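Commentary on secondary and tertiary structure
In case you want the letters, here they are:
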Amino acid sequence: MSFGHGSWRGTRARLFGLAGASGAWLLARSGPAKALGLAPPQLLSSLHVRSAGAPPFAGDGPHLATLSVAPGREAAQIEFTLMRRATVSLTILATGQGVASEQPSTVAETSLREKQVLLEPGQHALTWTPAPTVAPRTYIARVSAQVGHGPLQSENAVVRVLGVDAAFSVRSASPGEPLTLVVRTDAKSLTVQMLRSGPETVPTYANDLINGVPVGAPLTVDWTAHANAPAPIALSVDPSWPSGVYFAQLTADDGRVGFAPLVVRPTAPTSARVAVVMPTSTWTAYNFYDADGDGWGDTWYARWATKHVDLTRPNPSRGVPYHYRSYDLAFQHWLAQTGKVVDVWADEDLDGFSTTELRHAYDLVVFPGHTEYVTAHTYDLIGAYRDQGGNLMFLSANNFFRRVNRADQRLTLIDEWRNLGQPESALLGVQYIASDRGERHAPFTVVGADVAPWAFQGTGLANGGQFGTYGIEIDARSPVSPPSTQVLATIPDLFGPGKSAEMTYYEHYSGAKVFSAGALNFGGQVMLWPQSQQLLANVWERLAPSV
């Protein structure tokens, strides 16, 4: 029996965001009879899944099948044995972030639960044909059976919808360095084009798209020998490429597109005197790619059931890091449009610096994105860099919040820095206080134009003036913030009484100057408002006057 996308009116069924307690509730759902030791007779057994007409992809098994737009892989066949005459339904579920909930959340319009059939005992098969609009990722295919008004019994399999899933084996590389790009797809051929992110003038309207400037010649690869397993592509960083954020764009012959990010770092610090540090560890922590095929993203954000993430996984959203367009891209545009010359590093590259080396090389270190996860070495390095007079700029919020350990190709979550006796506000001036995932936004209100007139020069803003619209996550001072911390602007009571965002600046006794934006999307949306651009330019001039 087929439940194809035509019968769903082109939708992807009703996709639920399984999360935390809701996941356990759905997967174990057994009803009060079982709680009393009166488990109902088994209705379903021997459930397994396979692609309808293609060989298994690497990693496939009885409970995991890979689908794609390639011939033979368009549909999943879910086979099972029904023990009694029952009403049977097929539901396709998409797991999400691990937030405790008593009910699944709806992320699509049509429910297959409405498409029920009455089946006799015996062996049966249901077929799911994803619509072309179904995003590449893994989905849980749930077969449920019910006799009359009795308890609903369910069994699960996992279906992977394959795109062009690609990732470099490293997060950063220097000019001339060889690269390995590992690709999972069943396309017949691929064209690989490297793009530099930032100098492009084409607007980007989606978080699964990169409109960078092409660099180097495209490379076309015959992929017919790798239709059923991942394989590497050998590339290298051209010595002429300036330091920055790059992406490999992979275009399949059937139209599928994937991306893979790469930070091109300098071979050694240059005369730029400014280091821009991209939040590659945070990108990895928020990477919901399901490599093991259990239906859940392989990150602690999926179910809080793991403390480890694999650094070499592709990113979902066609390979683009989590909210790159919203949190990271605008600052790359600002650098390009203002002609700033900087050295760009991945945050893990900081583990190779000593304090002396970092301070000797740079007058300013900029953290433009959401640098939530840092190692002990990085935390101590940046603190010591400030203590030696190095300037710091944080253009997001919730920075330096959690400690991680990095070993080989794995990142391990440890704890919040403030729980380890090192509150981040002692370094940044502010620390994370609240989040509402972007439900509420409001403008900053200037409160520090009298104490820091330089910050608002050319903006036309005085105390009481407002600019921008910000939110998502916010920071504020704490009792351990440096005594000299000045509040430049605030978003009063954004997330409730007393939960106000604070944009701050302080000068350390070492001579270091530290700016913190106080809202998660300040740097990510800086190009939307001329006043925000001018404010950033003023801060840049104060912290790096010679650059």
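What comes next is a walk through the structure. Please read these numbers as outputs of a predicted model, since none were measured by experiment. (Residues numbered from 1 in each chain as written. Predicted model: local features only at pLDDT ≥ 70, side-chain atom pairs only at ≥ 80, totals over all residues. Heavy atoms only, no water.)

**What about helix H5 (residues 324–337)?**
- Under the 1.5 Å per step criterion, the end-to-end length of H5 is 18 Å for 14 residues, consistent within 8% with the ideal 20 Å.
- Most of H5 is tucked away: 11 of the 14 residues are buried.
- Every buried residue of H5 is accounted for by Tyr324, Ser326, Tyr327, Asp328, Leu329, Ala330, Phe331, Gln332, His333, Trp334 and Leu335.
- At its buried positions, H5 is contacted by strand E15 (189–197), strand E18 (244–252), strand E20 (274–278), helix H3 (280–285), strand E23 (364–367) and helix H9 (530–543).
- Phi turns positive, to about 70°, at Gly339, one or two residues after H5. (Helix = DSSP H or I, 4+ residues; strand = E, 2+ residues; numbered from the N terminus. Expected span 1.5 Å × (residues − 1). Buried < 20%, exposed > 50% of the residue type's maximum accessible area, 1.4 Å probe, protein only. Contact = heavy atoms within 4.5 Å.)

**Quick look at empty space enclosed by the protein**
- On inspection of all chains with the given rule, the structure shows 3 cavities of 30 Å³ or more.
- Roughly 170 Å³ of internal volume is contained in the largest cavity.
- Around the largest cavity, the lining comprises 14 residues; the ones closest to its centre are Arg171, Pro261, Leu311, Arg313 and Asn315.
- Broken down by secondary-structure element, the contributors of at least two residues to the lining of the largest cavity are strand E12 (165–168), strand E19 (257–264) and H3.
- With 3 residues, the top contributor of residues to the lining of the largest cavity is H3.
- Partitioned by chemical class, the residues of the lining of the largest cavity number 7 nonpolar, 5 polar and 2 charged.
- Forming the boundary of the second largest cavity are Pro279, Thr282, Trp283, Tyr286, Tyr322, Tyr327, Asp328 and His370.
- Mapped onto the lining of the second largest cavity, the elements with two or more residues apiece are H3 and H5.
- By residue class, the composition of the lining of the second largest cavity is 5 nonpolar, 2 polar and 1 charged. (1 Å grid on protein atoms, 1.4 Å probe; cavity = no way out; pocket = protein on both sides within 12 Å on 5 of 7 lines; lining within 4 Å. Points joined across faces, edges and corners; volume = space filled by probe spheres on them. Nonpolar A, V, L, I, M, F, W, Y, C, P; charged D, E, K, R; others polar.)

**Considering unusual backbone geometry**
- A positive phi is found at Arg273, a non-glycine position, where the angle reads about 70°.
- With respect to the secondary-structure elements, Arg273 resides in the loop between E19 and E20.
- One non-glycine residue, Arg318, lies in the positive phi region at around 60°.
- Within the element layout of this structure, Arg318 appears in the loop between strand E21 (308–310) and H5.

**Some thoughts on the environment of Val487**
- Looking at where Val487 falls in the secondary structure, it is placed in strand E32 (residues 486–491).
- Relative accessible area serves as the criterion here: at 15%, Val487 is assigned to the buried category.
- Along the primary structure Val487 and Tyr506 are separated by 19 residues, whereas in three dimensions their C-alpha atoms are 8.9 Å apart.

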